[in-house]
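# Descriptive structure summary
One letter stands for each residue in the lines below.
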Amino acid sequence: MTQSHSSPSAHPFPVLRSTGVSSVEPLSPELLLRMHELMVEGRALEERLIRMQRGGEGYFWIGGPGEEAFNTALGLLVHKGEGLDHDYLHLHYRSSATLLAMGADPVDALRQMRNTVTDPYSGGRNFVGHYSRRAWNLVPITSPIEIQYGQAIGTAVAQKRARPSGGSDADGITIVQGGDAGTAEGDFASCLIWAARPGFELPMLIIVTNNGWGISTPEHEQQGGEHIADRGAALGMKTMVIDGNDVESAYRGLESAMRYVRTERKPLVLEAYVSRLYGHSSSSGSNYVDSEIDCIVELEKKLAARGLRTGDECRAARERHEHRLLEAGKMVAVEQRPPGEAVWEHVFAERDHVGEHARKVPHDNRVWRAPACSFPTQKTKN
Ligand SMILES: Cc1ncc(C[n+]2csc(CCOP(=O)(O)OP(=O)(O)O)c2C)c(N)n1
């Protein structure tokens, strides 16, 4: 079920966790099958990453099993590219399905888990799931939660200045996403305030993926309001609450939310109910939680009911992805880790992409070098 509204009292439903009750326009069989393939690949990836961490091939696991329906829809709908005319993405650490739907190679996530030099997102420096890619306007994902909501204001202001009003369906927007518990932090409030300034409303899709938990704190003990999205309504913003476990609600909800933000150049707060299928992270055990709705199981029921894919075909798809990632893991297991002397690389931006310096010097010479004595106390023992 998908619902737009502009005031808290307009919520017609108290609970959106149930799936199957869908009044949205159905997706085509081709799109449903494509989403299924991507979601299964995303789940196989997360399960391989969990096994790698348990096997000592990584220090920590955190990821998005349970968010595949919503995140796959998001990745398919993004206007991918570099610069203001494309969408900017400020995501969080449960976004692997979004990346896969955008065309990322899952093997690169295995590389980040193992911290190899071949990891294209951080050169073997960051935790798994902390993606970044300039060519896709994908701003580095951070471990400190919620700061993406503050950073997103910057790209949204730049896009608003570039196209103040009367946008078209092709225009770039800023998309920011994080969990429910993090919305208790000030960055989220700052984001809402900046997004809704009268006369300078920002083209921002502000997403909260609500899995009902902040590590071990249940949402119902933390949030006094009915929906987190209602905070946007208090500032005059359009809001939407959807069942993120249902592929059709997720896709259609995101599609209409994006169309609004692109064409109106105004913000929208979208809250999506999702599941957390392997707990918070490896620190809480990363075991499958069978009391939560599994969006892939739900989609497979739908595919069977519509005669699109049998149970055997679904199992075969899963086995195919699991096998590919198992083999890829063996390949990554022998890839190099960064050498010690490379520890100072990637600490600062090596190019000034926006400053005066960048405008004056030829492209190939735009290299910023840290002063020779940047970190004397860390490099040498006194
Ligand atoms: C600034 C900051 N404070 C606290 C933490 C510790 N921390 C990591 S994840 C997390 C809970 C996040 O819950 P939520 O925002 O609902 O997202 P979820 O992980 O459930 O998707 C917390 C408190 C952190 N990483 N960063």
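Here goes a summary of the coordinates provided.

The rules behind each value
Residues numbered from 1 in each chain as written. Predicted model: local features only at pLDDT ≥ 70, side-chain atom pairs only at ≥ 80, totals over all residues. Helix = DSSP H or I, 4+ residues; strand = E, 2+ residues; numbered from the N terminus. Buried ≥ 20, exposed ≤ 12 C-beta atoms within 10 Å, placed from the backbone. Contact = placed C-beta atoms within 7 Å. Core = buried A, V, L, I, M, F, W, Y, C linked by C-beta atoms within 7 Å. Pairing = 2+ DSSP bridges. Near = placed C-beta within 6 Å. Nonpolar A, V, L, I, M, F, W, Y, C, P; charged D, E, K, R; others polar. Axes fitted to C-alpha atoms, helices over the stretch in contact; angles between N-to-C directions. Parallel < 35°, antiparallel > 145°, perpendicular 65-115°, else oblique. Left-handed = near helix turned anticlockwise from the far one by under 90°. Right-handed = clockwise from strand over helix to strand, strands pointing away.

## Let's talk about the overall build of the chain
Helix and strand counts for the chain stand at 12 helices and eight strands. Taken across its 382 residues, the chain has 44% of its residues classed as buried. Counting contacts in the chain only where the partners sit at least 6 residues apart, residues at least 24 apart contribute 74% of the total.

## A short note on the nonpolar core
Cys 191, Ala 195, Met 204, Leu 205 and Leu 270 are the most contacted members of the largest nonpolar core, which has 86 residues in total. Per-element tally for this core: the top contributor is helix H1 (residues 29-54), with 10 residues. Among residues more than four places away in sequence, those in contact with Ala 195 are Ala 156, Glu 201, Leu 202, Met 204, Ile 206, Met 237 and Pro 267.

## As for the pairing of strand E3 (residues 174-179)
Judged by how many residues are buried, E3 sits mostly within the fold: six of six residues are covered. Sheet topology places strand E2 (residues 88-90) next to E3; three bridges connect them, and they run parallel. Paired with Leu 89 across the strands is Ile 175, a residue of E3. Across six bridges, E3 lies against strand E4 (residues 204-210) in parallel orientation.

## Regarding the site of the ligand
Neighbouring the ligand are 14 residues, the closest being Pro 144, Gly 179, Ala 181, Gly 182 and Gly 214. Listed by contribution, the elements that provide at least two residues to the shell around the ligand are E3 and strand E5 (213-214). Classifying every residue of the shell around the ligand by side-chain character gives five nonpolar, seven polar and two charged.

## Describing the packing of H1 against helix H10 (residues 311-332)
Two numbers describe how H1 lies on H10: the axes approach to 9 Å, and their chain directions differ by 40 degrees. Here H1 lies oblique to H10, going by the angle between them. The way H1 lies across H10 gives a crossing that is right-handed. Residues Glu 37, Val 40, Glu 41, Ala 44, Leu 45, Arg 48 and Met 52 of H1 touch H10, and the partners they reach there are Ala 317, Arg 318, His 321, Glu 322, Leu 325, Leu 326 and Gly 329. Grouping the amino acids of the contact of H1 with H10 by side-chain chemistry returns seven nonpolar, two polar and five charged.

## Side note on the pairing of strand E7 (residues 238-243)
Of all six residues in E7, five are buried, a share of seventy percent or more. With six bridges connecting them, E7 and strand E8 (residues 268-273) associate as parallel partners. Opposite Lys 238, over in E8, you have Leu 268 as the bridge partner. The β-α-β motif built from E7, the intervening helix H8 (residues 247-264) and the parallel element E8 has right-handed crossover chirality.

## Some points on the environment of Pro 218
Checked against the element boundaries, Pro 218 lands in strand E6 (residues 217-218). Between the C-alpha atom of Pro 218 and that of Ala 181, which follows or precedes it by 37 residues, the distance is 8.8 Å. When near neighbours in sequence (up to four residues on either side) are disregarded, Pro 218 contacts Gly 212 and Trp 213.

## A look at unusual backbone geometry
Among all residues save glycine, negative phi is the norm, and among peptide bonds the norm is trans. Of note in this structure, Ile 215 is not a glycine but carries a positive phi near 55 degrees. Relative to the helices and strands, Ile 215 is located in the loop between E5 and E6. Overall, Ile 215 belongs to the exposed group, with 11 C-beta atoms counted inside 10 Å. With a phi close to 55 degrees, Arg 265 is a non-glycine residue in the positive phi region. Residue position: Arg 265 is located in the loop between H8 and E8. By C-beta crowding, Arg 265 is classed as buried, having 22 other C-beta atoms within 10 Å.

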